[in-house]
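Read off the chains here:
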Amino acid sequence: MTTILDLTGLKCPMPVLRTRKALQTLRGGERLEVHCTDPMAVIDIPTLINETGDRIERRERSDERIVFVIEKRAESC
């Protein structure tokens, strides 16, 4: 399952804060597709993912937006 999170137009720190909150609602193996326009997201979101232990499957950047597809890590027993 992939959840889409549209954060276009939001400025730092909102994209990373909302991404963190959305990741907390996912189960292991589920994906979060984040769309944002804040240039700081290319630094902030990978830093967040490094902290959470989740995985960025794909990142795309165009003139209009930045897209991250993040896979939630499976919970360990």
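What comes next is a walk through the structure.

About the cut-offs
- Residues numbered from 1 in each chain as written.
- Predicted model: local features only at pLDDT ≥ 70, side-chain atom pairs only at ≥ 80, totals over all residues.
- Heavy atoms only, no water.
- Buried < 20%, exposed > 50% of the residue type's maximum accessible area, 1.4 Å probe, protein only.
- Helix = DSSP H or I, 4+ residues; strand = E, 2+ residues; numbered from the N terminus.
- Arc of directions from axis to C-beta.
- Contact = heavy atoms within 4.5 Å.
- Core = buried A, V, L, I, M, F, W, Y, C linked by side-chain atoms within 4.5 Å.
- Disulfide = S-S within 2.5 Å.
- Polar contact = N/O pair within 3.5 Å; in protein donor to acceptor, adjacent residues only side chain to side chain.
- Pairing = 2+ DSSP bridges.

Quick reminder: α-helices carry 3.6 residues per turn. Residues three or four places apart thus point the same way. Where helix α1 (residues 14-24) is concerned, the buried positions are Pro 15, Val 16, Thr 19, Ala 22 and Leu 23. Taken end-on, α1 shows its buried residues confined to a sector of 125 degrees, consistent with a single buried face. Away from the buried face of α1 by more than 90 degrees, exposed residues Lys 21 and Gln 24 are located. Packed against the buried residues of α1 are β1 (2-7), β2 (31-36), α2 (41-52) and β4 (66-71).

One finds Val 34, Cys 36, Ile 45, Phe 68 and Ile 70 to be the most contacted residues of the largest nonpolar core, which totals 17 residues. Of all the secondary structure elements, the ones that give two or more residues to this core are β1, α1, β2, α2 and β4. If you tally residues by element for this core, the top one is α2, at 4 residues. If we ignore the near neighbours within four places in the chain, the residues touching Ile 70 are Thr 19, Leu 23, Glu 30, Arg 31, Leu 32, Val 34, Ile 45, Ile 49, Asp 54, Arg 55 and Ile 56.

With that settled, the discussion passes to the state of the cysteines. In the structure shown here, the tally under the stated rule is 0 disulfides. Free of any disulfide, Cys 12 has its nearest neighbouring cysteine sulfur in Cys 36, separated by 11 Å. Residue classification places Cys 12 among the partly exposed residues on the basis of a relative accessible area of 43%. Cys 36 sits in the buried class, given a relative accessible area of 0%.

The next point concerns the side chain of Glu 71. Here Glu 71 lies in strand β4. With a relative accessible area of 18%, Glu 71 lands in the buried category. Within the structure, Glu 71 has its side chain in polar contact with the side chain of Arg 55 (distance 2.7 Å). Apart from the residues lying within four places of it in its own chain, the contact partners of Glu 71 are Gly 29, Glu 30, Arg 31, Asp 54, Arg 55 and Glu 57.

Further remarks concern the pairing of β4. Of all 6 residues that make up β4, 6 are buried, and the element is covered over most of its length. Taking every second residue as pointing to the same face, both faces of β4 are buried, with Ile 66, Phe 68 and Ile 70 on one and Val 67, Val 69 and Glu 71 on the other. Bridge count for strand β3 (residues 55-61) against β4 is 6 bridges, and the pairing is antiparallel. Pairing of Ile 56 across the sheet is with Ile 70, part of β4.

By themselves, these observations are geometric and do not establish any function.
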